[in-house]
Structure formats: structure tokens, C-alpha cells
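Overview (structure and organization)
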Amino acid sequence: MADKPTKGLADVVAASTALSDIDGQAGLLFYRGYDIHDLAGRTTFEEIAHLLQHGALPTREQLAAYGAELVGGRKIGALAEANIAEIAEKQAPMEALRTLVSLAGGDDPDKDSNTPEANLRKAARLTAQQPILVARYHAARTGATIPEPDPELSVAANFLLQITGRTPGQHEVETFDACLVLHADHTMNASTFAARVCAATLSDMHSAIVAAIGTLKGPLHGGANEQVMRTLESLDPSAVAQSVRDRLAAGEKIMGFGHRVYKTEDPRATHLRKMSQELAEASGDDTYYRMSKEMEEVVFETKGLYPNVDFYAATVYHYLGIPTDLFTPVFSVSRMAGWTAHVIEQHADNRLIRPDSEYIGERGQKWKPLAER
Ligand SMILES: CC(=O)SCCNC(=O)CCNC(=O)[C@H](O)C(C)(C)COP(=O)(O)OP(=O)(O)OC[C@H]1O[C@@H](n2cnc3c(N)ncnc32)[C@H](O)[C@@H]1OP(=O)(O)O
Ligand SMILES: O=C([O-])CC(=O)C(=O)O
């Protein structure tokens, strides 16, 4: 008979990875051995995607080559192109992204190959295409004409330009780039696990990424950043503390708080809080930042819970002019770097992921013909 399952697989080690590491007690996060505090604000998203997918921070030459590969990979394939307008009409952003990435798989020249070389090329194309797909989806649903991707611009700058329709300031680009760096990988989170389970059947990278996007969408995972903003919008700024206390007393979860692994402050939240404060002050209206601080105090005082990555990311994206329902797609734009690297890692040393289950149903049932049931 099987052992009792650990609910939610808490503390179960499900894979070996050289990509990222967390110290949940100390509140530390490392990408391939580099402390996130050393990377955030100092390295670009492109450098981090290279670090995760290729195994090392790039040299100047490697970065130029990888950057050119990303720019070349931005072109949307015919299948996605032909369907984007109808998808934008009928599907919410994360559903649309799931569908569009699936269609991009059909367009990918390496779709029938899982070799390490093909996987690296697909990883770069997925990393390059996803932000364009989000921007094109947003343009299609709003009827806006968006600027063509600018080959001179980074992933962060080009995304802000295409989403907001205006040239972003230097500080905005640096802030958003740091957000992408902070979200790029996070050990065996639910969406990465989903990607690895799929990849471990020797399925292809696009299929694994579609599984990951569907998993990131849920409000207990990446979908929480959108819900944080919805909560802020629903609160009376003069009654934040009482409303949060009431919600907690009623047994509600406050989105953006708590974490399976961190038992102290999520190191990413430390950076995002500061970014939120800076952008709030620059915007001339810091209401949502002040409300967030008040929520943070009340949730800690009442439940002892810390904000996770999604909490201050919400106001950062808001102040950057990103529509609320695109917050989770933005998470996906960044996490693509990690997911693709995990698929590469899984394929490099693969074994089918197939855990056991504990049977809790009936036994000894006697079959009866339909007429007698
Ligand atoms: C990128 C990311 O995915 S970060 C996480 C994003 N998700 C959220 O912000 C959603 C809100 N948070 C949560 O639901 C949880 O904290 C999770 C999903 C992140 C972690 O879940 P778990 O490790 O399974 O913890 P679990 O949900 O069992 O919570 C443990 C206890 O803390 C409480 N708790 C946890 N998070 C919260 C919260 N945000 N608000 C209120 N109470 C909470 C639970 O109700 C539970 O209380 P109980 O023991 O009295 O029943
Ligand atoms: O690790 C987790 O469970 C969730 C998380 O913070 C992430 O995916 O960034």
C-alpha cells in the first residue's frame, strides 16, 4: 500500500536543478549561484535569460549574439498571425496567451525536434515572441495601432513601448527590466513543475510551456498579481486596515501574501516595494502604494504573513501604465526564461515523472447490469 501523500507535495523534493535555489528561512534566492540582490538592477533580462538557458552570464560578444537572436525571433508565425484578432475578441489574456503560444508551436521551424540545439533555439524564440504576442493581443482587442518592435530596444523597453504606446523613460525601463529579472525563475514552483512533468514525457518545449502558462494563470500562483490590484481598487483608501481585518476574520485569503517556501520576506518583494514607492512618488499620487503598506502591516500583525513577489509587483505594473489584466501575462513574459531552461534541463537528464497516489475510494464493488442499478 502507498504511503500517505503530503498534501500539496509540501517539502517533497521533486527534481534536481542547477537553475535556482531558495533559502526560505533566510529569504534568499539565487540564479545559478548568483544572489538575486546582486542581479536585480545590475543585469538585464537578456543577460538573465542567457544565464538560465545557456548556463552562464554572457560575455559582451555572447550578449550581442543572443540579443540578435532574440530580435530575429520576434516575428510572429502565420498560424498565430491568422488567429490573433479572433482570439483577442474571445479569450481573456492568459487564455489567449496559452492559445497563441500553442499556435506558435505549430509555426516553429524546430517543432519536430527535442535536441539540445533545437531546444535552445526554441527557448530564444519563445522568450522573444511572448512579449510581442501580449502586445499584439492587447492592440487587437483595443483597436490600437502599435509601433513595430524596435530592434534597437531591449525586451523591457520594447514591451513598455508597445503596450503603452509611448516611449518609456529610462527609469521606467530600468525598473521594468529589474521586474523581469526578479520573476525569471523560482525553483519548483507550480508552473515550472507542470512544465517539467510535460517535458519528462519527452513532449516538446511548446507543449511544456502551454502547461506552464495554464498553471501560472491561477490566483494561488501568478494570477495573484492581478488580484492584488483588484483588491486595492475595491478598498476605500480611508478604511484599508479595517477592511483587511474584516476579510481575514471572514476567512478570506488576501492575495499577494504568504508563500510555500519563504518563512520570512520574499527577497523579490524587498526590491518591488522600493520600486513601487519610487514610481508612486514620481507619479504624484501614492495612494495605492500607501494602501499597500497599510495592508502589509495589517496582514503581518493579524496573520504573521509577508508579502510575496506578486504583492508589490501589482502597483509597480500599475504605475508603469500596464493594464491590470496583463499583469499575469507580464509574469509569464519573464518566467519564460526559467521555464524553457527547466525543459532543457529536464530533457538533458530525463526520467518520466510519475508519482504514486493513495487510493481512498470504495473497494469490493459488485457490478450490476444497467437495468438493475
Ligand atoms: C508567484 C507566486 O505564486 S507567489 C504566491 C501567490 N499567491 C498568492 O498570493 C495567493 C495567496 N496566498 C496563498 O494562497 C498561500 O499563501 C500560498 C498558495 C501562496 C501558499 O500556500 P500553502 O503553502 O499551501 O499555505 P496554505 O494556503 O495552506 O496557508 C497556510 C495557512 O496560512 C493562511 N494563509 C496563507 N496565505 C494567506 C493569505 N494570503 N491570506 C490569508 N491567510 C493566508 C491559510 O489560510 C492557512 O491558514 P490555516 O492554517 O489557519 O488554515
Ligand atoms: O515558488 C513558488 O511557489 C511561487 C513563486 O514565488 C514563484 O513562482 O515565483
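No experiment lies behind these values; they were computed from the predicted model shown.

Before going further, it helps to spend a moment on the overall build of the chain. A tally of helices and strands in the chain yields 16 helices and three strands. Dimensions along the principal axes, computed over C-alpha positions, put the chain at roughly 70 × 55 × 45 Å. Buried positions account for 45% of the 373 residues belonging to the chain. Restricting to contacts in the chain with at least 6 residues of sequence separation, those with at least 24 account for 76%.

The feature "active site" (unreviewed entry), as annotated in UniProt, sits at His-259 and Asp-310 in this numbering. With the annotated positions falling across 52 residues, the maximum pairwise C-alpha distance of 10.5 Å places them together in a single cluster. Looking at where His-259 falls in the secondary structure, it is placed in the loop between helix 12 (240-249) and helix 13 (267-283). His-259 has contacts with Asp-266 and Asn-308, leaving out every residue within four places of it along the chain. Here Asp-310 is to be found in helix 15 (residues 309-319). With sequence-adjacent residues up to four places away left out, Asp-310 is seen in contact with Ala-224, Asn-225, Val-228 and Gly-256.

For the rest of this paragraph, the subject is the pairing of strand 2 (residues 28-31). With burial as the criterion, only one face of strand 2 is covered, namely that bearing Leu-29 and Tyr-31; the residues Leu-28 and Phe-30 on the opposite face remain uncovered. When strand 1 (residues 20-23) meets strand 2, the two strands line up antiparallel, connected through four bridges. Bridging across to strand 2, Asp-23 finds its partner in Leu-28. Following strand 1, the chain reverses through four residues before pairing antiparallel with strand 2; Gly-27 in that reversal takes a positive phi of roughly 75°. Alignment of strand 2 against strand 3 (residues 34-35), held across two bridges, turns out to be antiparallel. Among the inter-strand pairings, Tyr-31 is bridged to a residue of strand 3, identified as Tyr-34. Between strand 2 and strand 3, which pair antiparallel one after the other, the connecting turn spans two residues, and Arg-32 there sits at a positive phi close to 45°.

Packing of helix 11 (residues 224-234) against helix 15 leaves a shortest axis separation of 8 Å and a crossing angle of 70°. Viewed along their axes, helix 11 and helix 15 adopt a mutual orientation that is roughly perpendicular. You can see that helix 11 and helix 15 cross each other, and the crossing is right-handed. Packed against helix 11, whose contacting residues are Ala-224, Asn-225, Val-228 and Met-229, the element helix 15 presents Asp-310, Phe-311, Ala-313, Ala-314 and His-318 at the interface. The class makeup of the residues in the contact of helix 11 with helix 15 is six nonpolar, two polar and one charged.

This part covers the environment of Gln-130. Note on placement: Gln-130 falls in helix 6 (residues 116-142). With 25 C-beta atoms packed within 10 Å, Gln-130 lands in the buried category. Note: C-alpha distance between Gln-130 and Thr-315 (185 residues apart in sequence) is 22 Å. Those residues in contact with Gln-130 that sit more than four places away from it in its chain are Val-101, Ser-332, Val-333 and Met-336.

You can read the domains of the chain as domain 1 (36-218 + 325-348) and domain 2 (224-319). Of note, the centres of domain 1 and domain 2, computed from C-alpha atoms alone, are 26 Å apart. Facing 13 residues of domain 1, the contacting portion of domain 2 comprises 14 residues. Looking at the side of domain 1 that touches domain 2 residue by residue, the classes come out as eight nonpolar, four polar and one charged.

Before going further, it helps to examine the sheet that holds strand 2. Taken in spatial order, the three strands make up an open sheet running 1-2-3, and their pairing is antiparallel. Single-partner strands in this sheet number two, and they are strand 1 and strand 3.

Let's shift gears to the nonpolar core. Buried together is how nonpolar side chains tend to be arranged in soluble globular proteins. Formed by 99 residues in total, the largest nonpolar core has its most connected members in Ile-48, Leu-100, Ala-195, Ile-209 and Val-316. Each residue touching Ala-195, except ones within four places of it in the same chain, is listed here: Ala-208, Ile-209, Ala-211, Ala-212, Trp-339, His-342 and Val-343.

For the rest of this paragraph, the subject is the confidence of the model for the chain. Close reading of the predicted structure is inappropriate where its pLDDT is low. The predicted model of the chain has a mean per-residue pLDDT of 97, with 99% of residues at 70 or higher. Scored as a complex, the prediction yields pTM 0.97 and ipTM 0.99.

For the rest of this paragraph, the subject is the environment of Val-316. By the secondary structure assignment, Val-316 is in helix 15. Residue Val-316 is classed as buried on the basis of its C-beta count, with 28 C-beta atoms lying within 10 Å. Between the C-alpha atoms of Val-316 and Gln-277, which are 39 residues apart in sequence, the distance is 8.4 Å.

Moving on, we come to the packing of helix 9 (residues 190-199) against helix 16 (residues 327-348). What describes two packed helices is the angle between their axes and the distance between those same axes. Where helix 9 contacts helix 16, the axes come no closer than 9 Å and their chain directions differ by 35°. Here helix 9 runs over helix 16; the crossing is right-handed. Contact with helix 9, carried on its side by Ser-191, Thr-192, Ala-195, Arg-196 and Ala-199, involves Arg-335, Gly-338, Trp-339, His-342, Val-343, Gln-346 and His-347 of helix 16 and no other residues of that element. Counted by class, the contact of helix 9 with helix 16 contains four nonpolar, six polar and two charged residues.

Before going further, it helps to spend a moment on helix 13. A rise of 1.5 Å per residue sets the reference length of helix 13, with its 17 residues, at 24 Å; its end C-alpha atoms lie 25 Å apart and thus fit the reference within 8%. Regarding helix 13, the residues found buried are Pro-267, Arg-268, Ala-269, His-271, Leu-272, Arg-273, Met-275, Ser-276, Leu-279 and Ala-280. Among the structural elements, strand 2, helix 1 (36-39), helix 8 (170-182), helix 14 (287-303) and helix 15 are those in contact with the buried residues of helix 13. At the exit of helix 13 stands Gly-284, carrying a positive phi of roughly 85°.

Here is what the cut-offs are and how they apply
Residues numbered from 1 in each chain as written. Chains lettered and ligands numbered in written order. Predicted model: local features only at pLDDT ≥ 70, side-chain atom pairs only at ≥ 80, totals over all residues. Helix = DSSP H or I, 4+ residues; strand = E, 2+ residues; numbered from the N terminus. Buried ≥ 20, exposed ≤ 12 C-beta atoms within 10 Å, placed from the backbone. Contact = placed C-beta atoms within 7 Å. UniProt positions renumbered as here; feature names shortened; annotations may be inferred. Pairing = 2+ DSSP bridges. Axes fitted to C-alpha atoms, helices over the stretch in contact; angles between N-to-C directions. Parallel < 35°, antiparallel > 145°, perpendicular 65-115°, else oblique. Left-handed = near helix turned anticlockwise from the far one by under 90°. Nonpolar A, V, L, I, M, F, W, Y, C, P; charged D, E, K, R; others polar. Domains from an automatic or database assignment. Core = buried A, V, L, I, M, F, W, Y, C linked by C-beta atoms within 7 Å. pLDDT = per-residue confidence, 0-100. Expected span 1.5 Å × (residues − 1).

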